[in-house]
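# Secondary and tertiary structure notes
Each chain is listed here by its residues.
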Amino acid sequence: MLYLCTMEKCKNIAVLGATGSIGRQTLDIIRRSGGAYRATVLAAGRKVDDLIALASEFRPALAVIADEAAYPRLREALAPLGIETAAGDDALVDAVAREDVDMALTATVGYSGLAPTIAAIRAGKDIALANKETLVVAGALIDELLKASPSKIYPVDSEHSAIYQCLRGESPENVRRLIITASGGPFRTWTREQMVTATVADALHHPNWNMGAKITIDSATMMNKAFEIIEARWLFGVGADRISAVVHPQSIVHSMVEFADGAIKAQLGTPDMRLPIAYALGCTRRDDYDLPRLTLEQMSQLTFLAPDTEKFPALNLAYHALEKGGNTACVINAANEIGVAAFLEGRIAFPQIYETIMSTLARVHYIINPNYDDYVATNAESRRIAAECIKNSR
Ligand code: MG
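Residues numbered from 1 in each chain as written. Predicted model: local features only at pLDDT ≥ 70, side-chain atom pairs only at ≥ 80, totals over all residues. Heavy atoms only, no water.

### A few points about the nonpolar core
Leu 42 and Leu 105 are the most contacted members of the largest nonpolar core, which totals 92 residues. Considering each element in turn, this core owes the most residues, 8 residues, to helix H14 (residues 328–344). Each residue touching Leu 105, except ones within four places of it in the same chain, is listed here: Ile 13, Ala 14, Val 15, Leu 16, Ile 22, Thr 26, Ala 128, Val 156, Ile 277 and Leu 281. Counting residues in each nonpolar core, the second largest holds 30 residues, with Ala 104, Tyr 111, Ile 121 and Leu 135 among its members. (Core = buried A, V, L, I, M, F, W, Y, C linked by side-chain atoms within 4.5 Å. Buried < 20%, exposed > 50% of the residue type's maximum accessible area, 1.4 Å probe, protein only. Helix = DSSP H or I, 4+ residues; strand = E, 2+ residues; numbered from the N terminus. Contact = heavy atoms within 4.5 Å.)

So, in structure tokens, the structure goes:
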């Protein structure tokens, strides 16, 4: 069920992960919105100088830095501008629940998105969800919390924004299949042998999308697509057996929905994250931000092929996680975060990211019905075990 927001007043946005790729593109939409949106909270992880620069331009009521060591610098720079400042993970949780926040855009990286998203739901705020790991880690819990809250989630992930758009005006019982498109990442045409020697630079060279490092590596392993299958299951309430991925190297068709009569609806657009961001901020309103438009005549071909799960075994982890349920996806996410960080630091080879996940999965104890504290414990335990697996493999 979708509701349109009323836009009589300026809408106040808390931008979490403001200095990252999605955060900056969100601020570009806010900049172009002519006052329809205001960034009342800007939050970042560690990039304090970038946060100071953005706060100086956007003049939020509050700026938050997760890294407490960077707090004095933030306070010193922003106090003269009359901008309130705070630091630490708890400050982020408090920030989203503020009176002067209408919507939280969650673009932090990884597990760190979970606590503020839960806080936003508890406070009844709408959410523009860019942090897919929140639904990967604790989809069942978020689903429960949403049932007892007026909050609505608007997906920012381009694939999920596409599916959301395709589903509008359709009856749930007519939905046969969600088809999530994948670019295939930088290693689509590489062999398994070549991938063993892939460098960080190779993996960061995404063919179509310009994104942060973590998600770009997730695209290279196709873990990102596995996460998107899990995200789709919780966002749209469609079982894993009715969600498939198809490789579409041009990244023009952002995803599709097949219906009972055999019709397939697709959403197309340029690979520009500002489109799904604007759609989410506007709660499905279609505003013109004068962004580059898609010219179909310039496209000689759109191609689709089945994903190669021999080469990209991470994709199958989505189905494993959804079938097994419990804390399985939380383990996968934590081990993946540790594996990706180790690969980015040059400590492990590319295929070892997947191997780290599998070794960790085999060792963390399974919890069938996790509560919030169980997710916190699972995340900590999985990270510790993943780090051990990496240490032992060298
Ligand atoms: Mg995506």
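After that view, the rundown keeps rolling.
### Points about the pattern of salt bridges
Note that side chains of opposite charge can pair when their charged atoms are close. One pass over the structure, following the stated rule, counts 25 salt bridges. Put simply, Arg 73 and Asp 49 hold a salt bridge, and the shortest N to O gap is 2.5 Å. In this pair, Arg 73 sits in helix H3 (residues 71–78) while Asp 49 sits in helix H2 (residues 48–58), placing the two residues 24 residues apart along the sequence. What makes Arg 73 partly exposed here is its relative accessible area of 47%. Here Asp 287 ties to Arg 285 by a salt bridge, and the two come within 2.5 Å at their closest N and O atoms. By relative accessible area, Arg 285 is classed as partly exposed at 24%. (Salt bridge = Lys/Arg side-chain N within 4 Å of Asp/Glu carboxyl O.)

### Thoughts on the coordination of the magnesium ion
Bound to the magnesium ion on the protein side are Asp 157 (OD), Glu 159 (OE) and Glu 228 (OE), at distances that span 2.1 to 2.2 Å. Read in sequence order, the donor residues coordinating the magnesium ion give the pattern D-x1-E-x68-E. Taken as a pair, Glu 159 in helix H7 (residues 158–167) and Glu 228 in helix H11 (residues 223–236) lie far apart in primary sequence, 69 residues in all. A residue is classified by how much of its surface remains accessible, and Glu 159, at 8% relative accessible area, is buried. The exposure class of Glu 228 is buried, given its relative accessible area of 1%. (Donors = N, O, S within 2.8 Å, 3.2 Å for Na, K, Ca; no water.)

### What about H2?
Listed in full, the buried residues belonging to H2 are Val 48, Leu 51, Ile 52, Leu 54, Ala 55 and Phe 58. Contact partners of the buried residues in H2: helix H1 (21–32), strand S2 (37–44), strand S3 (62–65) and H3. Immediately downstream of H2, the backbone of Arg 59 shows phi near 45°, a positive value.

### Describing the sheet that holds strand S1 (residues 11–16)
If you walk across this open sheet you meet the 7 strands as S4-S3-S2-S1-S5-S6-S7, and the pairing is parallel. Only two strands of the sheet have a single partner each, and these edge strands are strand S4 (84–87) and strand S7 (153–155). Looking at each pair of strands side by side, their axes are set apart by 20° on average, direction ignored. As paired strands, strand S5 (residues 103–106) and strand S6 (residues 126–129) are joined by 4 bridges and run parallel to one another. When the sheet's bridge partners are listed, Leu 105 is paired in S6 with Ala 128. Sitting on the sheet, helix H4 (residues 89–96) touches S1, S2, S3, S4 and S5, and the angle it makes with S3 is about 150°. (Pairing = 2+ DSSP bridges. Axes fitted to C-alpha atoms, helices over the stretch in contact; angles between N-to-C directions.)

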